[in-house]
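Listed below, chain by chain, are the residues.
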Amino acid sequence: MIAPAPAGRGDTVITIDLSGRHAVVMGVANHRSLSWAIAQQLHRAGAALCLTYAGERLRADVEQLASRLPGTLTLACDVTEDRTISAVARRLQREWGSVECLVHGIAYARKQDLEGKFVATSREGFQIALEVSAYSLLNVTNHLLPLLERNGASIVTLSYLAAERAVPNYNVMGSAKAVLEQSVRQLAWELGPKEIRVNAISAGPVSTLAARGVHGFVGMLRHHAERAPLRRNITREEVGSAGLFMLSDLSSGITGETLYVDAGYHVMGL
Ligand SMILES: NC(=O)c1ccc[n+]([C@@H]2O[C@H](COP(=O)([O-])OP(=O)(O)OC[C@H]3O[C@@H](n4cnc5c(N)ncnc54)[C@H](O)[C@@H]3O)[C@@H](O)[C@H]2O)c1
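Since the model is a prediction, treat every value here as computed from it, not as a measurement.

Procedures and definitions
- Residues numbered from 1 in each chain as written.
- Predicted model: local features only at pLDDT ≥ 70, side-chain atom pairs only at ≥ 80, totals over all residues.
- Heavy atoms only, no water.
- Helix = DSSP H or I, 4+ residues; strand = E, 2+ residues; numbered from the N terminus.
- Rg over C-alpha atoms; globule rule 2.2 N^0.38 Å.
- Buried < 20%, exposed > 50% of the residue type's maximum accessible area, 1.4 Å probe, protein only.
- Areas by Shrake-Rupley, 256 points an atom, 1.4 Å probe, with all protein chains shown as cover.
- Axes fitted to C-alpha atoms, helices over the stretch in contact; angles between N-to-C directions.
- Parallel < 35°, antiparallel > 145°, perpendicular 65-115°, else oblique.
- Left-handed = near helix turned anticlockwise from the far one by under 90°.
- Contact = heavy atoms within 4.5 Å.
- Nonpolar A, V, L, I, M, F, W, Y, C, P; charged D, E, K, R; others polar.
- 1 Å grid on protein atoms, 1.4 Å probe; cavity = no way out; pocket = protein on both sides within 12 Å on 5 of 7 lines; lining within 4 Å.
- Points joined across faces, edges and corners; volume = space filled by probe spheres on them.
- Pairing = 2+ DSSP bridges.
- Right-handed = clockwise from strand over helix to strand, strands pointing away.

Asker: Hey, could you run me through the overall build of the chain in this one?
Answerer: A tally of regular secondary structure across the chain gives 7 helices and 9 strands. Its C-alpha radius of gyration of 18 Å places the chain within 12% of the 18 Å reference for a compact globule of 270 residues. For the C-alpha atoms alone, the extent of the chain along its principal axes is close to 55 × 50 × 40 Å. Looking at the chain as a whole, 51% of its 270 residues are labelled buried. Counting only carbon and sulfur atoms, one obtains 53% of the accessible surface of the chain, whose full area is about 12,900 Å².

The following block contains the structure:
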């Protein structure tokens, strides 16, 4: 909902009010995670939150973060295991009965596939990267569909420019992001009649656990800051606020889109 609020000068300001909405945020590993930046903004806008984490190893950290956002649920969900996705869907059916916002901030590739020769990517390495980083968007959406279609919903996933350009060392993750962005368009078409919107945010480099797995990541940060029109790197808060926009009614006419939050880097030709 977009609520007008008195501004005090005979004017009105727009506030984003997500109270009464339920948001599932997948992919919080720690306070650096881009999903965490979006979760914080959703909380500030009044949405009820469920953070999912990949496994037992992350549980304590995610629970500790969730405690900063009162009322937030935390549930385990490894996207390579359908039974954990089903368990999340069942629990949310009981707790909420509907989901209006879904954040998919999940990606994984084996370390050796983010530094060696792309041409030598193993069959298994390719499958793992695409399953976790792209197929999971479809699969999670499918498991949550009865909840997402209750009131209509907005889904946001996180992508990177390597979906469409060659980026050194990004290797198989570029392949995964290309599939992810195509999946966003295809899902947008298929789910549009149910009032479910599906979009991607293509973020510039930000230092996170996943990003640091890419060989030469620090050099990437430097390069982006030098070349981007804004002559700097983005902040995780900028991804958070773009996420909030995409998950709110302010973006109600937008679906199937990839929104660049990259200080303008992608527009450059040289
Ligand atoms: N940080 C960047 O520079 C950058 C730029 C563009 C896009 N992205 C994308 O943003 C998303 C979030 O990454 P991040 O940078 O915040 O790093 P992150 O490491 O904080 O998040 C990645 C998340 O994926 C989760 N994950 C991995 N395997 C999983 C599995 N099997 N089941 C469930 N969850 C699993 C991890 O637990 C982690 O929470 C990723 O899709 C990433 O590709 C990041």
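The discussion continues.
Asker: Explain the packing of helix 1 (residues 34–44) against helix 7 (residues 236–247) here, please?
Answerer: Any two packed helices are characterised by the angle at which their axes cross and by the distance between the axes. Where helix 1 contacts helix 7, the two axes come as close as 8 Å, and the packing angle between them is 55°. Here helix 1 lies oblique to helix 7, going by the angle between them. Note on packing geometry: the crossing formed by helix 1 with helix 7 is right-handed. Together, Leu34, Ala37, Ile38, Gln41 and Leu42 of helix 1 and Arg236, Glu237, Val239, Gly240, Ser241, Gly243, Leu244 and Leu247 of helix 7 make up the contact between the two elements. Broken down by class, the residue content of the contact of helix 1 with helix 7 amounts to 7 nonpolar, 4 polar and 2 charged.

Asker: Explanation requested: the layout of surface pockets in the structure shown.
Answerer: Vacant regions in the atomic arrangement are exposed by a probe of water-molecule size rolled over the atoms. Empty space within the largest pocket amounts to approximately 1,300 Å³. Lining of the largest pocket is provided by 45 residues; of these, Gly105, Ile106, Ala107, Tyr108 and Ala210 occupy positions nearest its centre. When its residues are assigned to classes, the lining of the largest pocket shows 28 nonpolar, 12 polar and 5 charged.

Asker: Help me understand the sheet that holds strand 7 (residues 153–159) in this model?
Answerer: Pairing between sheet strands relies on hydrogen bonds along the backbone, with the strands arranged either parallel or antiparallel. One open sheet holds the 7 strands; their spatial order is 5-4-3-6-7-8-9, and the pairing between them is parallel. Taken across any chain shown, the strands that pair with only one partner, and hence form the sheet edges, are strand 5 (73–76) and strand 9 (258–261). If you compare each strand with its neighbour and ignore which way they point, the axes differ by 20° on average. Where strand 3 (residues 22–26) lies against strand 4 (residues 48–53), 5 bridges are found, and the strand directions are parallel.

Asker: What is the right way to look at the pairing of strand 3 in this model?
Answerer: One face of the sheet, then the other: side chains in a regular strand alternate in exactly this way. Counting buried positions over the 5 residues of strand 3 gives 5, a clear majority of the element. Residues His22, Val24 and Met26 of strand 3 are buried on one face, and the alternating residues Ala23 and Val25, pointing to the opposite face, are buried as well. The parallel pair strand 3 and strand 4, bridged by helix 1, forms a crossover whose chirality is right-handed.

Asker: Help me understand the environment of Tyr108, please; the structure alone is not making it clear to me.
Answerer: Position of Tyr108 relative to the elements: it lies in the loop between strand 6 (101–104) and helix 4 (123–151). Expressed as a C-alpha distance, the spacing of Tyr108 and Ala210, which sit 102 residues apart in the sequence, is 7.3 Å.

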